[in-house]
Structures are given as C-alpha cells and as structure tokens.
Amino acid sequence: GDLGRQGARHCVDPGKVLRIQGGGSPPRRRRRSNSRRERGLVCSVRAMEASTAMPESLKGLVAAFSAVPDPMMRYKQLLFFAEKLDALGTEHQTPENKVEGCVSQVWVKGFLEQDGTVTYKAESDSQLTKGLAALLVKGLSGATPEAITSLDPSFIEKLGLQQSLTPSRNNGFLNMLLKMQKIAQGLLASTAAGGDAGATPDADANLPMSKKIELVLTREFSPASLEIQDDSASHAGHRPESADGGTHFTVRIVSESFEGMNTIKRHKAIYAVLADCMEPAGTLHALSLSTKTPSEV
C-alpha cells in the first residue's frame, strides 16, 4: 500500500461532417559557456512559477510523484490511492457525471462547500483509472472554483506518469481534469449574481451546435483545415438527449496557432474558447480532438 521500501520516503499518504479549407519564439543565441547552467536555471524558475498556481494539495502530490524515479512505484501508488478513495454513490453515477473519452467508466461529481471550496468524489470500474481519479480528487478538493478552472494542465507532465500509462489512459486522465474544471465552472456560475454572463449570445441561439463550434474555432485559430463531425447519435443509448444531436463531436483542426504547444495545451485551448458552448451554458458535453500544425500533416 505504499511506494515500497526504496521509495517510502516519497510515499504520499492517503454522420454530419463540416469541412473547411482555409487558406514563436525568436531564435536563441547559443553561448559556449554556462549555457547548460543558464538553461537549468530558466527551467527551474518556470517550474516554480507553474507550481505556485497549483492548489497546495496538488502541489504536494506533484512534488512527491516527481521525486520517485521508478515508474512502477508511481503505478503502485495509484493503486494505493484507488483503495483509499471514498466511493461515489450509485445515485450519482449518471450520464451527466460520466467522464467521456476514458477507456474505463469514470464518474465525477463536485460539491460546493460553505467556505466556497469544492469537494470532489469519483468512482470507476477500473482500479488504475480509479487511482488516477483519486489523485485528482485529493489534489483539487479543498480548492476554490477559480483556482480549479484556471489550473494549467501542464502539471500532468510533472507527475511523471506517462511511462506508466498507455496513450489512451493519459488522454483519459486529461479528460478527467477537464471534466472537474467544467464542474467547478458550473458551480461558480451557479453562485454568481445574474448568472447569465456565460450564456450563448442571442444572435447565435438558433444556430446548430456544429455551426457554433465552426464559428468559434475559425475566429480563434484561423485554421488551415477544420472538420467537425457530430457523433451525438452514437451516445443516445446512455444519454437520450443526444438523439437530437449537438452533444458529442469529433473535431479535427490544423492551425499554425498550435506551434510550440504540446497536445495537452492544444486541447486546453480548444476547451477554453468553447466554454460558452459547453454544459451547462450550452448543449456540448464532450469532444474528441485532433489538433495539428500544418507541418504535422
């Protein structure tokens, strides 16, 4: 139930398709002396700046996981977290609380406490996925909705879990975070005075969701190509409201705007500009994304 004897000191306690065809940083000077030292200092400063934006609990988890050199030890710690996770009641294991885009079934629910912080609960039918959910529950519970929604997902890389997880589980982990941020956004909106600030503009109210997505992504990213596919009907079995479309989409976008950004930051940017289309303000529930630069096509 811990990281093992060697890592004990690091253990953390418990078919409609739309297609549109459209049509960095300055170079670094190389210094012969002290270049490696200077690069190291820059990386350290950036890491410190990123860590200060994290909730304290998450900051501690990131520090503990990143200090453990053995991927297997990190894997075992996730299983330990899974064993200690408080169960989410079956009454909350509903389609609206389900995390889309995960290999296993995952449900997450957030509760706004009297002190203005958020408490999360989660459940999964896979122990490993449950451990990933537990890590986020431990790291984000007790933080304010503002801190959660503004959290940069780059901390995921600092956890050092990529070697222990398949690409699909890494993507599922990001989807869990995005789901929890969306929950926090909804809780924040529900407590805000005159809570219609995030509503979709009246001029766009009658547009189909695919067209809204097209307009926003075209405006924000000036894509070289953009393909939007409505997959909602395939989810109607467990989410009846999806039968009418507008809830689930596959988006394939090619844009120079993604230069210098990793996949996590690209996906985060897409979700950020589509915030007004996402539930509860809009009907959009989940996206499957392919984000590339022209040079990657």
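Residues numbered from 1 in each chain as written. Predicted model: local features only at pLDDT ≥ 70, side-chain atom pairs only at ≥ 80, totals over all residues. Heavy atoms only, no water.

Novice: I tried to follow the layout of surface pockets on my own but got confused; where do I start?
Specialist: It is the rolling of a water-molecule-sized probe over the atoms that shows where space remains empty. By volume, the largest pocket is sized at about 580 Å³. In terms of lining, the largest pocket is formed by 28 residues, of which the most central are Leu178, Lys179, Tyr271, Met278 and His285. When residues of the lining of the largest pocket are traced back to their parent elements, those giving at least two are α7 (167–191), β5 (248–254), α9 (263–273) and β6 (286–292). For the lining of the largest pocket, the leading source of residues is α7, giving seven residues. (1 Å grid on protein atoms, 1.4 Å probe; cavity = no way out; pocket = protein on both sides within 12 Å on 5 of 7 lines; lining within 4 Å. Points joined across faces, edges and corners; volume = space filled by probe spheres on them. Helix = DSSP H or I, 4+ residues; strand = E, 2+ residues; numbered from the N terminus.)

Novice: Even after reading the chapter, I still don't get empty space enclosed by the protein, so can you show me in this structure?
Specialist: Roughly 40 Å³ of volume is contained in the largest cavity. Lining the largest cavity we find Cys102, Val103, Ser104, Thr129, Ser168, Arg169, Gly172, Phe173 and Met176. In terms of residues, the lining of the largest cavity owes the most to one element, α7, which gives five residues. Per-class residue counts for the lining of the largest cavity are four nonpolar, four polar and one charged. (Nonpolar A, V, L, I, M, F, W, Y, C, P; charged D, E, K, R; others polar.)

Novice: Is there a simple way to explain the pairing of strand β2 (residues 106–112) in this structure?
Specialist: Both faces of the sheet carry side chains from a regular strand, because those side chains alternate between them. For β2 and strand β3 (residues 118–124), the ladder comprises seven bridges, and the chain directions are antiparallel. Along β3, the bridge assignment pairs Val108 with Ala122. (Pairing = 2+ DSSP bridges.)

Novice: Whenever I open this one, the environment of Ser57 confuses me. Can you help?
Specialist: Secondary-structure assignment places Ser57 in helix α2 (residues 56–66). Through-space distance from the C-alpha of Ser57 to that of Val137 is 9.8 Å; in sequence the pair is 80 residues apart. Dropping the residues within four chain positions of it, Ser57 is found in contact with Lys138 and Gly139. (Contact = heavy atoms within 4.5 Å.)

Novice: Explain the pattern of salt bridges to me, please; I cannot follow it from the model alone.
Specialist: This model, assessed by the stated rule, comprises seven salt bridges. With a closest N to O distance of 3.2 Å, Glu56 and Lys59 form a salt bridge. Of this pair, Glu56 and Lys59 are both found in helix α2, three residues apart, which corresponds to roughly one turn of the helix. (Salt bridge = Lys/Arg side-chain N within 4 Å of Asp/Glu carboxyl O.)

Novice: Is there a simple way to think about α2 in this case?
Specialist: Residues spaced three or four apart along an α-helix point in a common direction, a consequence of the helix completing one turn every 3.6 residues. Residues of α2 that are buried include every one of Leu58, Leu61, Val62, Ala64 and Phe65, and no others. Angular distribution of buried residues about the axis of α2 spans 165°; they occupy a single face of the element. (Buried < 20%, exposed > 50% of the residue type's maximum accessible area, 1.4 Å probe, protein only. Arc of directions from axis to C-beta.)

Novice: Would you take a moment to explain the packing of aromatic side chains for this structure?
Specialist: The geometry of two aromatic rings is summed up by the distance between their centres and the angle between their planes. Per the counting criterion, the structure on display carries three aromatic pairs. Relative to Phe258, the ring of Phe221 has its centre 5.3 Å away and its plane inclined at 40°; by these criteria the two rings are tilted. Separated by 37 residues along the polypeptide, Phe221 in helix α8 (residues 209–221) and Phe258 in the loop between β5 and α9 bring together distant segments of the chain. Each member of the pair, Phe221 as well as Phe258, is classed as buried. The positively charged end of Lys109 is found above the aromatic ring belonging to Phe111, 5.6 Å away from the centroid. Lying across the ring of Phe81, Lys138 places its NZ or CZ 5.3 Å from the centre. (Phe/Tyr/Trp six-rings, centres within 6.5 Å; stacked < 30°, edge-to-face > 60°. Lys NZ or Arg CZ within 6 Å of the ring centre and 35° of its normal.)

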